[in-house]
Amino acid sequence: MASAVATAPSVLEIDLGRLVSNYRLLCARLGGVPCAGVVKADGYGLGAVPVAEALAGAGCTTFFVAHASEAISLRAALPAPEIYILNGILPGEEDTLVAGGVAPVLSTLEQIETWARAARRLGSPLPAAIHFDTGMSRLGLTPGESARLIAERHRLDGIRLRYVLSHLACADEPEHPLNAQQLARFRAIRAQFPEARASFANSSGIFLGPDYHFDLGRPGAALHGINPLPGHPNPLAQVVHLQARILQTREIDSAQTVGYGASYRAPGPRRIATVALGYADGYPRALSSKGSAYCGDRVVPIVGRVSMDLITLDVSAVPNAHVGQMVEFLGDHRPLDVVAEEADTIGYELLTQLGKRFHRIYRGAAG
Ligand SMILES: *Cc1c(COP(=O)(O)O)cnc(C)c1O
């Protein structure tokens with residue numbers, strides 16, 4: 001084990017202790033309202049099973065994923081918690097979901113009919129949540145479908161309705177008028193289903209205040225260290241630490257260019273380090289001659305293009321940079337959201353793009 005780490009070209013450390021402290025911070029913000037964990041896209045790229053196990057250890061009893069297959073593999077690792085599939089159900093998936101003991105978030109009248117029919121066929125009620133669209137126009141019952149469901153209650157016969165939920169479009173912009181509009185629409189809908197609990201707030205939504213909390217918080221991003229408050233200091237801890245190793249160093253002068261397309265020309269003598277990380281690892285090519293890394297105790301610039309497996313850094317300011325040394329690309333010195341912004345993207349995309357080629361280390365949740 002130790003020797004594998006000692007020679008790994010790149011290492012992704014996932015700090016489950018910090019993930020759990022992020023969960024506790026969100027629980028505190030929710031002030032006693034329970035907090036679920038959204039672990040779709042393989043736990044935002046960090047590993048749904050280890051992430052969910054750590055959260056379950058901290059008291060989380062409800063999880064959301066996007067796909068049925070994600071729900072089934074999470075169930076194999078975690079027998080106890082409730083697991084919901086945000087993308088709903090497709091006809092023909094009923095038996096898989098029933099056998100897996102996982103529940104769909106129903107998003108159309110057809111999906112409600114599919115699930116209710118399966119319950120009648122089995123002769124026992126089946127759990128579900130229902131997603132109501134309050135302004136996102138993506139998933140969820142439209143206002144017309146919602147009105148029909150409210151008028152035709154029998155459509156729910158056989159369904160044990162656990163949650164009504166909706167999703168905010170602009171929760172990361174607290175001043176956006178759509179937040180209050182969605183809140184008013186959601187309040188009106190949840191009043192029609194007093195038998196169910198209500199869930200509304202994603203990570204950023206939790207920070208909009210208690211009006212948005214209802215009966216269950218539904219954060220994903222913030223658990224994984226993504227800043228829910230763009231433009232403000234991140235109240236959550238960085239969960240990922242991505243490092244890659246220097247393979248070679250060289251001295252160049254102003255006659256020379258670096259990398260594909262000869263896009264970078266040294267303004268004078270420079271020391272270049274070539275590092276074992278590239279866009280095939282999910283590191284954005286958009287950071288060519290734009291991003292930076294933390295080497296020794298300095299932030300050093302990426303020079304030239306990010307290629308498939310390699311990045312070139314100007315380490316002139318770090319005289320002792322040497323072959324075998326690890327350089328930080330994401331972590332406390334290179335926060336996820338800062339790097340994402342430099343790459344013209346968001347922390348969500350950067351995290352979920354991280355490749356499968358890293359040596360992965362999970363730091364324990366216990367400590
Ligand atoms: C992804 C998702 C969440 C979690 O959102 P974050 O912004 O990652 O906290 C919550 N609810 C729904 C419906 C989602 O699709």
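Right above here is the structure, for reference.
Computed from a predicted structure; not experimentally measured.

## A closer look at the packing of aromatic side chains
Okay, step 1: Applying the stated criterion across every chain, the model contains nine aromatic pairs.
Okay, step 2: When the ring of Tyr44 is compared with that of Tyr348, the centres are 6.2 Å apart and the planes differ by 40 degrees; the resulting orientation is tilted. Within this pair, whereas Tyr44 is found in helix H3 (residues 40-44), its partner Tyr348 is found in helix H12 (residues 347-353), the two being separated by 304 residues in sequence.
Okay, step 3: Relative accessible area serves as the criterion here: at 6%, Tyr44 is assigned to the buried category.

## Re the site of the ligand
Okay, step 1: Every one of the 13 residues lining the ligand counts as a neighbour, but Lys40, Tyr44, Ser203, Ala221 and Tyr348 are closest to it.
Okay, step 2: For the ligand, an oxygen atom lies 2.7 Å from a polar atom in the side chain of Lys40.
Okay, step 3: Coverage of the ligand by the protein chains reaches 93% of its 380 Å² of free accessible surface.
Okay, step 4: Its atoms largely coinciding with the cavity grid, the ligand occupies the largest pocket.

## Some details on the packing of helix H2 (residues 16-30) against helix H4 (residues 48-57)
Two packed helices can be described by the angle between their axes and the distance between those axes.
Okay, step 1: Two elements in contact, H2 and H4, have axes separated by 9 Å at closest approach and are oriented at 50 degrees. Accordingly, the angle class assigned to the pair H2 and H4 is oblique. Both H2 and H4 take part in a crossing whose hand is right-handed. The residues of H4 that touch H2, namely those facing Leu16, Leu19, Val20 and Tyr23, are Pro50, Val51, Ala54 and Leu55.
Okay, step 2: When grouped by side-chain class, the residues that make up the contact of H2 with H4 number eight nonpolar, no polar and no charged.

The rules behind each value
- Think of each chain on its own: its residues are numbered from 1, step by step along the sequence as written.
- Reporting in this predicted model follows two pLDDT cut-offs: at least 70 for local features of residues, and 80 or more for side-chain atom pairs to be given and counted; totals over whole chains, interfaces and linings ignore these cut-offs and use all residues.
- To get the side-chain values, take all heavy atoms of the structure and skip hydrogens and water.
- For Phe, Tyr and Trp, where Trp contributes only its six-membered ring, two rings pair if their centres lie within 6.5 Å, and the inter-plane angle classes them as stacked under 30 degrees, edge-to-face over 60, or tilted in between.
- Comment: elements are numbered from the N terminus, with helices defined as DSSP H or I runs of at least four residues and strands as E runs of at least two.
- We call a residue buried when its accessible area falls under 20% of the maximum for its residue type, exposed when it is over 50%, and partly exposed in between, using a 1.4 Å probe and counting protein chains only.
- A single heavy atom is enough: if one lies within 4 Å of a molecule or strand, its residue is considered near that molecule or strand.
- Two N or O atoms count as a polar contact when they lie within 3.5 Å, although within protein this holds only if one can serve as hydrogen donor and the other as acceptor, and sequence-adjacent residues are included solely when both atoms are side-chain atoms.
- Only the protein chains shown count as cover for residues, and all accessible areas are computed by the Shrake-Rupley method using a 1.4 Å probe.
- Cavities and pockets were defined on a 1 Å grid built over protein atoms only: a cavity is a set of grid points that admits a 1.4 Å probe from which the probe cannot escape, a pocket is an open set flanked by protein on both sides within 12 Å along at least five of seven lines, and lining residues are those with an atom within 4 Å of any such point.
- The rule for placing a molecule in a cavity or pocket is simple: more than half of its atoms must lie within 2 Å of the grid points.
- Axis definition: a line fit to C-alpha positions, over the contact stretch in the case of helices; interaxial angles, taken between N-to-C directions, run 0 to 180 degrees.
- Roughly parallel covers angles under 35 degrees, roughly antiparallel covers those over 145, roughly perpendicular covers 65 to 115, and oblique covers all other angles.
- Handedness of a crossing follows from how the near helix is turned relative to the far one, being left-handed for an anticlockwise turn of less than a right angle and right-handed for a clockwise one.
- Two residues form a contact once any of their heavy atoms are found within 4.5 Å.
- Three categories are distinguished: nonpolar for Ala, Val, Leu, Ile, Met, Phe, Trp, Tyr, Cys and Pro, charged for Asp, Glu, Lys and Arg, and polar for the others, with Gly belonging to the last.

Taken by themselves, the reported measurements are silent on function.
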